[in-house]
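# Coordinates in review
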Amino acid sequence: MGLRVQANSFAAFYPLARASRMASTAVVRRALDSLGGRVVLFRSGNAVFVTFGLFAGMGALLSLTGMGGLLVAQGISAHAFVLLALLGSTAVVVSSWVAGQLLDYELLLRSPRQALWRPVFVSWGGLVGILLTFAVCAPFSGLGFLVILDAAARTVPLGHALGRLGCLSYGCCWGRPTRFPVAITYRNPEAKAARVAGFQHVALHPAALYEAVLDVAIVVVVNAVSWLGVGHGVPAALTCVLYGLGRFAIEFLREHHERFASRPIAILPALSLNHLLSFALFAAGLMALPLLSFREVARFVPWSAALAAFPTVLPITVPGAIVVFIGFSLHRGRVGQW
């Protein structure tokens, strides 16, 4: 009798659970499709501001405010952090654009004017730019390079997650066609996936959403590890390991116009440049972890101390966020050109 009651209960529960899951999936899909239809934030004369810039600007504000709170709580001066925030924001925009040009070097050599007047950005360039900024500003901070890196590791992935939601709105970093229930379909012809790759009205993997989820998970893990007490630089190295590994996996769900290399061995998948860069980041973090683990245990700065510094930090992070917003949102005449 007991088994029969349990079986009947399960039989009654399963359709409800299935219906609930389908309804939740439909809500997520509608939200993704709605976001994918909002390529343009607003137009003003010949200037076109894309929604991606809004998400990137909000992500910069969140990252810089959180990072600044942690650094101010450790003694960095407001003037030093203003310099760090402004230079870092500018470096992210400029180096992302430079990386985009270098990766499309054939067009740059064939038609320099056409190539240079495109708002094309690559996140790997932004990573290089921000690391160079930290290295340059570290001697003036009074805290050291690894302290700055660790503060960034605890906060920047959240801002990056917001930026990836911006990718969904712009239609860049698009995924492969899929029948998976959670997908994004670009119907707006201005979306990059439709405009450049011809994926209009095609259900695609929301690869940028997967990366945003990865970023949030990294923040949780890295902050927990920092709280346990680790050597200087370990949170930053752990972030490299987790992001590199996660990004490597996500790249298999992204659509690449051209694979970087054919299969070296028949059973291995073809790899893109993003795969190799992701693996390089993972390997660098993995090699650094054992070396950094033997360093002096860093003083953990609780978020309560960082929050107490927010009234000081927030106003001085706004200029950097504005630089990111304008740099990543401004187009001229039409989407995809300056």
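As a starting point, this report considers the structure included with it. Position numbers for residues start from 1 in each chain and track the written sequence from start to end. For this predicted model, a pLDDT threshold of at least 70 governs which residues receive local features, and a threshold of 80 or more governs which side-chain atom pairs are given and counted, while totals over whole chains, interfaces and linings are taken from all residues. To get the side-chain values, all heavy atoms of the structure are used, and hydrogens and water are removed first.

## Section: the pairing of strand β1 (residues 40-44)
Walk down a regular strand and you will see the side chains alternate between the two sheet faces. Applicable threshold: DSSP calls a pair of strands paired once it identifies at least 2 bridges connecting them. Labels follow the DSSP assignment, with helices taken as runs of H or I lasting at least four residues and strands as runs of E lasting at least two, numbered in each case from the N terminus.
Where β1 meets strand β2 (residues 47-50), four bridges bridge the pair, whose relative direction is antiparallel. Its bridge partner lying in β2, Ser44 is registered against Ala47. Two successive antiparallel strands, β1 and β2, enclose a turn made up of two residues, where Gly45 displays a positive phi of approximately 65 degrees.

## Side note on helix α7 (residues 145-170)
The cut-off we apply is this: What is called the bend at a residue is the angle between a pair of axes, fitted to the seven residues leading up to and ending at it and to the seven starting from it. When accessible area is computed with a 1.4 Å probe and restricted to protein chains, residues below 20% of their type maximum are described as buried, those above 50% as exposed, and intermediate ones as partly exposed.
Considering bend angle alone, the principal kink of α7 is centred on Thr155 and spans about 40 degrees; proline Pro157 follows within four residues of it. The buried fraction of α7 is high, at 19 of 26 residues. In the stretch just after α7, Gly171 is the one whose phi turns positive, near 90 degrees.

## Topic: the packing of aromatic side chains
Here is the rule: For Phe, Tyr and Trp, where Trp contributes only its six-membered ring, two rings pair if their centres lie within 6.5 Å, and the inter-plane angle classes them as stacked under 30 degrees, edge-to-face over 60, or tilted in between.
Inspection of every chain in the model, using the stated rule, returns eleven aromatic pairs. Ring geometry for Phe49 against Phe325: centres 6.1 Å apart, planes inclined by 10 degrees, an arrangement best described as stacked. Of this pair, Phe49 sits in strand β2 while Phe325 sits in helix α13 (residues 310-329), placing them 276 residues apart in sequence. When the ring of Phe121 is compared with that of Trp338, the centres are 6.4 Å apart and the planes differ by 70 degrees; the resulting orientation is edge-to-face. Here Phe121 is found in the loop between α5 (112-116) and α6 (123-141), whereas its partner Trp338 is found in the segment after β5 (330-332), with 217 residues between them in sequence. Phe121 sits in the partly exposed class, given a relative accessible area of 22%. Grouping aromatic residues by their ring pairs yields a cluster made of Phe52, Trp97, Phe121, Tyr170, Phe328 and Trp338.

## Things to note about the environment of Leu143
Our working definition: Residues count as neighbours in contact if any of their non-hydrogen atoms are within 4.5 Å of one another.
Looking at where Leu143 falls in the secondary structure, it is placed in the loop between α6 and α7. When the C-alpha positions of Leu143 and Gly75 are compared, they lie 7.6 Å apart, and in sequence the two are 68 residues distant. Those residues within four positions of Leu143 in sequence are excluded, and the remaining contacts are Leu71, Gln74 and Ile76.

## With respect to the pairing of β2
Burial along β2 is two-sided: the residues Ala47 and Phe49 and Val48 and Val50 are all buried. For β2 and β5, the ladder comprises three bridges, and the chain directions are antiparallel. Bridge assignment links Val48 to a residue of β5, and that residue is His331.

## Quick word on the packing of α6 against α7
For clarity, the cut-off: Comment: axis = line fitted to C-alpha atoms, over the contacting stretch for helices; angle = value between 0 and 180 degrees taken between N-to-C directions. Note on terminology: angles under 35 degrees are roughly parallel, angles over 145 are roughly antiparallel, angles of 65 to 115 are roughly perpendicular, and the others are oblique. The sense of a crossing depends on the near helix, which, turned anticlockwise from the far helix by less than a right angle, makes the crossing left-handed and, turned clockwise, makes it right-handed. Residues are grouped as follows: nonpolar covers Ala, Val, Leu, Ile, Met, Phe, Trp, Tyr, Cys and Pro; charged covers Asp, Glu, Lys and Arg; every other residue, Gly included, is treated as polar.
Direction vectors running N to C along α6 and α7 enclose 150 degrees, while the axes themselves pass 11 Å from each other. Judged by the angle between their axes, α6 and α7 are roughly antiparallel. α7 is crossed by α6, and the crossing has right-handed handedness. Counting all contacts with α6, which are made through Ser123, Leu131, Phe134, Ala135, Ala138 and Ser141, the residues of α7 involved are Phe145, Ile148, Leu149, Ala152 and Arg164. Class assignment of the residues belonging to the contact of α6 with α7 gives a composition of eight nonpolar, two polar and one charged.

## Describing the environment of Cys167
For Cys167, the position within the fold is in helix α7. Look at Cys167 and you get buried, because its relative accessible area is 3%. For Cys167 and Ala207, which are 40 residues apart along the polypeptide, the C-alpha to C-alpha distance reads 9.4 Å. Not counting residues up to four positions away in its chain, the partners in contact with Cys167 are Phe52, Cys172, Cys173, Tyr186 and Ala208.

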